[in-house]
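# Structure at a glance
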2 protein chains.
Amino acid sequence: MQQRNLTEHVSLSGETELSGKALKVLQAARKVFLAHGFSAATTDMIQREAGVSKSTVYAHFTNKEALFTAVIKSECTAFTRALHNIRFQPGRLKETLGILARTYLDVVLSPSGLALYRVAIAESARFPALAHTFYRAGPQVSARLVADLLAGASQSGEVNFGDTSLEAVACMFVNLVRSELQLQYLTYPDSPPSAAQIETWVTNVVTLFMRAYGGGDK
Amino acid sequence: MQQRNLTEHVSLSGETELSGKALKVLQAARKVFLAHGFSAATTDMIQREAGVSKSTVYAHFTNKEALFTAVIKSECTAFTRALHNIRFQPGRLKETLGILARTYLDVVLSPSGLALYRVAIAESARFPALAHTFYRAGPQVSARLVADLLAGASQSGEVNFGDTSLEAVACMFVNLVRSELQLQYLTYPDSPPSAAQIETWVTNVVTLFMRAYGGGDK
DNA sequence: TTTGTACTGTACCGTACAGTTTGATATGGT
DNA sequence: ACCATATCAAACTGTACGGTACAGTACAAA
């Protein structure tokens, strides 16, 4: 890593990290990079936003790329942590799926969640490792969570997946919950999906899965 | 528009357009913009790729933005045209859905389809109108196609959607077909999904929908 | 008091980029 | 022969950017 000042260890960004000014820089970089992507962002914007001199930026981060990497990694761990706030009670599968979907969408459709997706995808050619990190921190973790839930429901006989693997069902669920609303928001950033729209979508998705795999209760 | 030379009207790009050199420029711009996005692409790269002088570029396009706009619009119409190659026979819904999914994925997971998605999303803040165009040319058109298919199946009693609207079902289908494989490819550009992986995914998706909405035949 | 460290502000360097201008060449129609 | 058009190569302008250098300040520990 590239920090120098080890006097404090405040963790607002994922790992144990960074004294005062360095944190300011990181937060500013977060704002700028998520808003403009890598190429269109300038170190001057970051420096100005952080209220810090140019020298300070380069005292803590070797260059623009290192700063970008630090930001995206930090966002990924924050994203994963947010996902782990999802809790559910066993039984009442239909309700649990709905809650899970809504909580997931809360994270995915948040300004930072959306921006992280956009930037990670946009820069996947220049920063392949970051794109991998993003996939594992986001979609992969989500699918794992759902799979765990479904495993419980499967054991209690609440559901029957036929020939389809449990993991595949979980993967399909998270993708279906996310994709359309996320894409709409990405392409129409000025008109975010309404609460009613979200509700309708979640209902439709949960209904689809319950009809397909739910036993008799439907 | 911004063409000047009206001697020929070759249409390789969507609308009636562009004499020889201008087309060369547009094709080069397509390659460069789709590979690097807007900010990281330079007009010099385009000029070099086109084998054309700088003056010629600016003789046909007012500036970098106009060139970018022309490229994305042209790609969107090409995308839509590719989608309309999807044909299907009524009856045999399950098979038709599978064919449709595979053809759709062919377009979406093609290098240019993937790059178009990436760039349109990445630049949606700077070029909102292009993002809208993309959404309408891609996801919206696809959903419309599937909806038409489902309408036929619904009338012949092949399926029963319960409380869910036909359009919602169509929308869910195209999203589910696309999202996971597309995201994997976007984040792991060096290991595209294998044919087997695609096949498994399509089978799982079609099975899901047939279990949920298909009548007795399953 | 001295020393080290973090930081500031600003100037600077080299490069890169979008876009313009100039002046020459080639072509084809009149 | 003349002219308009399309093209070319290349030099040039102005600006912006990433990154460095440097002289100086604030502060705390020794």
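Below is a summary of the structure that appears in this document. It should be emphasised that the depicted structure is a prediction, and the values quoted were computed from it without experimental measurement. (Residues numbered from 1 in each chain as written. Chains lettered and ligands numbered in written order. Predicted model: local features only at pLDDT ≥ 70, side-chain atom pairs only at ≥ 80, totals over all residues. Heavy atoms only, no water.)

Take the protein's contact with DNA strand D next. Near DNA strand D you find 16 residues, and of these A:Thr43, B:Lys21, B:Ser55, B:Thr56 and B:His60 are the closest. What you see for DNA strand D is that sugar and phosphate hold 61% of its atoms within 4 Å of the protein. Residue A:Ser55 places a side-chain N or O atom 3.4 Å away from a base nitrogen belonging to DNA strand D. For DNA strand D, a phosphate oxygen lies 2.3 Å from a polar atom in the side chain of B:Thr56. Taken together, the elements giving at least two residues each to the surface near DNA strand D come down to α3 (54-60) of chain A together with α3 (54-60) of chain B. (Near = heavy atom within 4 Å. Polar contact = N/O pair within 3.5 Å; in protein donor to acceptor, adjacent residues only side chain to side chain. Helix = DSSP H or I, 4+ residues; strand = E, 2+ residues; numbered from the N terminus.)

Moving on, we get to the nonpolar core. Counting residues in each nonpolar core, the largest one holds 151 residues, and the members touching the most others are A:Phe173, A:Phe209, B:Phe173 and B:Phe209. Apart from the residues lying within four places of it in its own chain, the contact partners of A:Phe209 are A:Val169, A:Met172, A:Phe173, A:Leu176, A:Gly214 and B:Leu208. (Core = buried A, V, L, I, M, F, W, Y, C linked by side-chain atoms within 4.5 Å. Buried < 20%, exposed > 50% of the residue type's maximum accessible area, 1.4 Å probe, protein only. Contact = heavy atoms within 4.5 Å.)

Take the pattern of salt bridges next. Residues and elements named next belong to chain A. Enumeration according to the criterion identifies twelve salt bridges over all chains in this entry. One salt bridge in this structure joins Glu75 and Arg30, with 2.7 Å as the shortest N-O distance. Separated by 45 residues along the polypeptide, Glu75 in helix α4 (residues 64-83) and Arg30 in helix α1 (residues 20-40) bring together distant segments of the chain. Overall, the relative accessible area of 35% leaves Arg30 in the partly exposed class. (Salt bridge = Lys/Arg side-chain N within 4 Å of Asp/Glu carboxyl O.)

Contacts between chain B and chain A engage 42 residues on the former and 42 residues on the latter. Taken together, the two surfaces of chain B and chain A that pack against each other cover about 3,700 Å², and 65% of this comes from carbon and sulfur. At the junction of chain B and chain A, the tally comes to 20 residue pairs in polar contact (both at pLDDT 80 or more). Counting residues per element, the ones that place at least two in the side of chain B that touches chain A are α1 (20-40), α6 (111-122), α7 (128-155), α8 (166-187) and α9 (195-213) of chain B. Looking at which element gives the most residues to the side of chain B that touches chain A, the answer is α8(B), with twelve residues. Of the residues contributing to the side of chain B that touches chain A, the split by class is 24 nonpolar, twelve polar and six charged. (Buried area = accessible area lost by both parts, 1.4 Å probe. Nonpolar A, V, L, I, M, F, W, Y, C, P; charged D, E, K, R; others polar.)

A few words now on the protein's contact with DNA strand C. Surrounding DNA strand C, one finds 16 residues, the nearest of these being A:Lys21, A:Ser55, A:Thr56, A:His60 and B:Lys54. Put simply, 61% of the atoms of DNA strand C that lie within 4 Å of the protein are in sugar or phosphate. Between a phosphate oxygen of DNA strand C and a side-chain N or O atom of A:His60, the distance comes to 2.7 Å. Between B:Lys64 and DNA strand C, the recorded distance is 2.9 Å, taken from a backbone N or O atom to a phosphate oxygen. Listing elements by their share of the surface near DNA strand C, those giving two or more residues are α3 of chain A together with α3 of chain B.

Let us look at α8(B). All names here are of chain B. The terminal C-alpha atoms of α8, which comprises 22 residues, lie 32 Å apart, in line with the 32 Å expected from a rise of 1.5 Å per residue. Ser179 marks the point of greatest bend in α8, at about 30°. Within α8, 21 of the 22 residues are buried, which leaves it mostly tucked inside the rest of the structure. (Expected span 1.5 Å × (residues − 1). Bend = angle between axes of the 7 residues up to and from the residue.)

This paragraph deals with the relation of the copies chain B and chain A. To go from the first copy of the chain to the second, apply a rotation about an axis and then a shift along the same axis. Superposing chain B onto chain A requires a rotation of 180° together with a translation of 0.0 Å along the rotation axis, leaving an RMSD of 0.0 Å. Read as a symmetry element, the transformation amounts to a two-fold axis. Identified as the residue of chain B closest to the rotation axis by C-alpha distance is B:Ala212, at 2.0 Å. Here 100% of the contact residues of chain B are again contact residues in chain A; the copies associate through an equivalent surface. (Least-squares fit on C-alpha atoms with pLDDT ≥ 70 in both.)

At a minimum axis separation of 7 Å, helix α9 (residues 195-213) of chain A and α9(B) run at an interaxial angle of 80°. In this view, α9(A) runs roughly perpendicular relative to α9(B), as classed from their interaxial angle. Taking contact as the criterion, the partners of A:Leu208, A:Phe209, A:Arg211, A:Ala212 and A:Tyr213 in α9(A) are, on α9(B), B:Leu208, B:Phe209, B:Arg211, B:Ala212 and B:Tyr213. Along the lines of polarity and charge, the residues of the contact of α9(A) with α9(B) split into eight nonpolar, no polar and two charged. (Axes fitted to C-alpha atoms, helices over the stretch in contact; angles between N-to-C directions. Parallel < 35°, antiparallel > 145°, perpendicular 65-115°, else oblique.)

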